[in-house]
Structures are given as C-alpha cells and as structure tokens.
Amino acid sequence: MPIDKSELRRVLGHFATGVTIITTCDEEGRPFGLTANAVSSVSLVPPLILVCVDKKADTYPYFERSNVFTVNILADTQEAISRKFATSGIDKFEGLGYSKSSLGCAVLHDAVGHIDCRIVQTHDAGDHTIYVGEVQEADAGDLPPLLFYRGGYRKLAP
C-alpha cells in the first residue's frame, strides 16, 4: 500500500529546496506564474531542466499553450513574492518589477537568477505535469537564495 500523502509531505519536508517562481505567458504576452520548489537539472548535454506544475494551479493551462517557461530563483529577501505567487485568484504581477525574456516570459527583478526554457517533453505524473525544458539562456548573480525546509522559509546562515 502506498504511503499516506501527509506522511510523504512530512518526510520530504526534510529535504531543503530552493524556492522559485516559474513564469509563462499567454498568446497576447500576458505573464502568468506560480511558486514551485519542484525544479531539477536533468542534463547538461543537451541542457535540460524539469519543473513540476500542479494541474489545479490557475496558471496550469498556459504552460501547454505557450510551450515556454522561465524559472526565477528567488533571493532570501523575496519570501513575500513567493507567498503571493502561491495564492490563487489574484493579479500576481501587480506592483512587481520584471522584464521579459527573449521567449516572452517574466524575469523577476532582484531574483538570484533565471533559466529560460522551451518545453521539449511533457509527462503526466499524478496530480502534476512534469515539463522538461531545453535551456535557451540562463543567468545568475551572487545574492543569497531563499530556501524551504520542514514547512517554512529559511535563509543560509552567514
């Protein structure tokens, strides 16, 4: 019998992850995004990463239509932005500074970095879809990252 989902969540909570905002856009270029920590490197040659998107997320339909996404790696000062993008039914970009990547996705100002991808594979995975993206461009700075561990936001110790 499979493990209970609350027990799995508790155990996986012991695995510290980075916090990201994954953005995409609609046909008219309007930005959409969500908070995620299910992001992973897949391959260096070709350059591939994956993101997992909840099928119930209000932004879910836009990933399939746009065929592109950008992973914004959040800085330790951006917890409020992470919380905002984890909320449904609001304009997540209101009052937020961002520019558009060459693929048309939002690149958040003051983030640690971003990874711009074109979707090359899609995999059904229970209540999520796994999107594998080929990295088109990426950039990062030296800001400290925002982390998630045991159900809460954390910062690296100085």
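The structure presented is a predicted model; accordingly, all values stated were derived computationally and were not measured. (Residues numbered from 1 in each chain as written. Predicted model: local features only at pLDDT ≥ 70, side-chain atom pairs only at ≥ 80, totals over all residues. Heavy atoms only, no water.)

Novice: Explain the overall build of the protein chain to me, please; I cannot follow it from the model alone.
Specialist: Counting its secondary structure elements, the protein chain contains 3 helices and 12 strands. Here the C-alpha atoms of the protein chain give a radius of gyration of 15 Å, agreeing with the 15 Å that 2.2 N^0.38 yields for 158 residues. Expressed along its principal axes, the backbone C-alpha trace of the protein chain runs to roughly 45 × 40 × 40 Å. Out of the 158 residues belonging to the protein chain, those deemed buried represent 42%. In the protein chain, of all internal contacts separated by at least 6 residues, the share reaching a separation of at least 24 is 63%. Across the protein chain, the 15 positively charged side chains and the 20 negatively charged ones have centroids separated by 7 Å. (Helix = DSSP H or I, 4+ residues; strand = E, 2+ residues; numbered from the N terminus. Rg over C-alpha atoms; globule rule 2.2 N^0.38 Å. Buried < 20%, exposed > 50% of the residue type's maximum accessible area, 1.4 Å probe, protein only. Contact = heavy atoms within 4.5 Å. Lys, Arg positive; Asp, Glu negative; His and termini not counted. Charge placed at Lys NZ, Arg CZ, Asp CG, Glu CD.)

Novice: What am I meant to see in the pattern of salt bridges here?
Specialist: When the charged atoms of two side chains lie near each other, side chains of opposite charge can form a pair. On inspection of all chains with the given rule, the structure shows 6 salt bridges. One salt bridge in this structure joins Glu7 and Arg10, with 2.9 Å as the shortest N-O distance. Of this pair, Glu7 and Arg10 are both found in helix α1 (residues 5-12), 3 residues apart, which corresponds to roughly one turn of the helix. Classification of Arg10 by relative accessible area gives partly exposed; the value is 47%. Between Asp58 and Lys92 there is a salt bridge; the shortest N-O distance is 3.4 Å. Taken together, the positions of Asp58 in the loop between β5 (48-54) and α2 (60-66) and Lys92 in the loop between α3 (79-85) and β7 (98-100) put the pair 34 residues apart, joining distant regions of the chain. Within the structure, one salt-bridge network assembled from shared partners comprises Asp26, Glu28 and Arg30. (Salt bridge = Lys/Arg side-chain N within 4 Å of Asp/Glu carboxyl O.)

Novice: Would you take a moment to explain the nonpolar core for this structure?
Specialist: Across soluble globular proteins, you tend to see nonpolar side chains buried next to one another. Of all hydrophobic cores here, the largest spans 15 residues; its most connected members are Ile22, Phe69 and Tyr131. Mapped onto this core, the elements with two or more residues apiece are β3 (31-36), β5, α2, β6 (68-73) and β9 (113-125). For Ile22, the residues in contact, after removing those within four places along its chain, are Phe32, Gly33, Leu34, Ala36, Val39, Val51, Phe63, Phe69, Thr70 and Val71. Counting 12 residues, the second-largest nonpolar core is a separate cluster that includes Val19, Ile21, Leu74 and Leu146. (Core = buried A, V, L, I, M, F, W, Y, C linked by side-chain atoms within 4.5 Å.)

Novice: Please explain the packing of aromatic side chains as it appears in this structure.
Specialist: Each aromatic ring pair is described using two quantities: the centre-to-centre distance and the angle formed by the ring planes. Across all of its chains, the model carries 5 aromatic pairs by this definition. A centroid spacing of 3.8 Å and a plane angle of 10 degrees characterise the contact between Phe32 and Tyr62, whose relative ring orientation is stacked. With Phe32 in strand β3 and Tyr62 in helix α2, this pair connects stretches of sequence that are 30 residues apart. Each member of the pair, Phe32 as well as Tyr62, carries the same accessibility label: buried. Its end group placed over the ring of Tyr62, Arg65 keeps NZ or CZ at 5.3 Å from the ring centre. (Phe/Tyr/Trp six-rings, centres within 6.5 Å; stacked < 30°, edge-to-face > 60°. Lys NZ or Arg CZ within 6 Å of the ring centre and 35° of its normal.)

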